[in-house]
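In case you want the letters, here they are:
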Amino acid sequence: MLIKHSDAFVLLDDVQYIKDGWIKRNRVLKPSRDDWQYVTVPVKKFHETARIKDIEIDNSKEWKKKIFCSACPLQICFTILCRNKRFA
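The model shown is predicted, which means the values in this text are computed figures rather than measured ones.

## Topic: the side chain of Asp58
Part 1 of the argument: Tracing the sequence through the fold places Asp58 in the loop between β2 (36–40) and α1 (63–71).
Part 2 of the argument: By relative accessible area, Asp58 is classed as buried at 12%.
Part 3 of the argument: A polar contact of 2.5 Å, which involves the side chain of Asp58, links it to the side chain of Ser60.
Part 4 of the argument: With residues near it in sequence (within four places) discarded, Asp58 still touches Pro42, Val43, Lys44 and Trp63.

Next up, the structure:
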């Protein structure tokens, strides 16, 4: 939420991707607002000098389901989202 307090936001995607950096992960506040959840998006293999804009998400892994279903405290999320093939 710090972005709303800034004067400018710069999206820099033509620099080198850092393998173990925070580029593929972030921390979000859970719906209960009392704890954080770390969100990590899997990426496909890449050359060590690859730029951020050239990195591809590895959708062969079930990352969306893990994020959406663990963030929702309601059983309805499992029924609606987690059984939906687009989140698999």
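Resuming the write-up.
## As for the packing of aromatic side chains
One pair of aromatic rings is described through two measures. These are the centre distance and the angle between the planes.
Part 1 of the argument: Considering all chains together, one arrives at one aromatic pair under this definition.
Part 2 of the argument: Between Tyr17 and Phe46, the aromatic rings sit 4.8 Å apart at their centres with planes inclined by 80°, giving edge-to-face as the arrangement. Note that Tyr17 is positioned in the segment before β1 (25–29) and Phe46 in the loop between β2 and α1, a separation of 29 residues in sequence.
Part 3 of the argument: When the ring centre of Trp36 is taken as reference, the NZ or CZ atom of Arg27 above it lies at 4.0 Å.

## Some remarks on the pairing of β1
Part 1 of the argument: Of the pairings in the sheet, the one linking β1 to β2 comprises five bridges and is antiparallel in character. Paired with Val28 across the strands is Gln37, a residue of β2.
Part 2 of the argument: The antiparallel pairing of β1 with β2 creates a hairpin that spans six residues between the two strands, and Arg33 there sits at a positive phi of about 65°.

Calculation rules
Throughout, residues of each chain are indexed from 1 in the direction in which the sequence is written. The predicted nature of this model means local features are confined to residues of pLDDT at least 70 and side-chain atom pairs, given and counted, to a pLDDT of 80 or more, with totals for whole chains, interfaces and linings taken over all residues. To get the side-chain values, take all heavy atoms of the structure and skip hydrogens and water. Put simply, DSSP marks the helices as runs of H or I at least four residues long and the strands as runs of E at least two long, and each gets a number from the N terminus on. Burial classification: accessible surface area is computed with a 1.4 Å probe over protein chains only, and a residue below 20% of its type maximum counts as buried, one above 50% as exposed, and the rest as partly exposed. Polar contacts, as used here, are pairs of N or O atoms within 3.5 Å; protein pairs need one atom able to donate a hydrogen and one able to accept it. Residues neighboring in sequence count only if both atoms are side-chain atoms. The criterion used for residue contact is that any of the two residues' heavy atoms lie within 4.5 Å. Two rings belonging to Phe, Tyr or Trp (six-membered ring only in the last case) form a pair when the distance between their centres is within 6.5 Å. Interplanar angles under 30 degrees mark stacking, angles over 60 mark edge-to-face geometry, and anything in between is tilted. By definition here, charges over rings are those cases where NZ of Lys or CZ of Arg is within 6 Å of the ring centre and within 35 degrees of the ring normal. Here, any two strands with at least 2 DSSP bridges between them count as paired.

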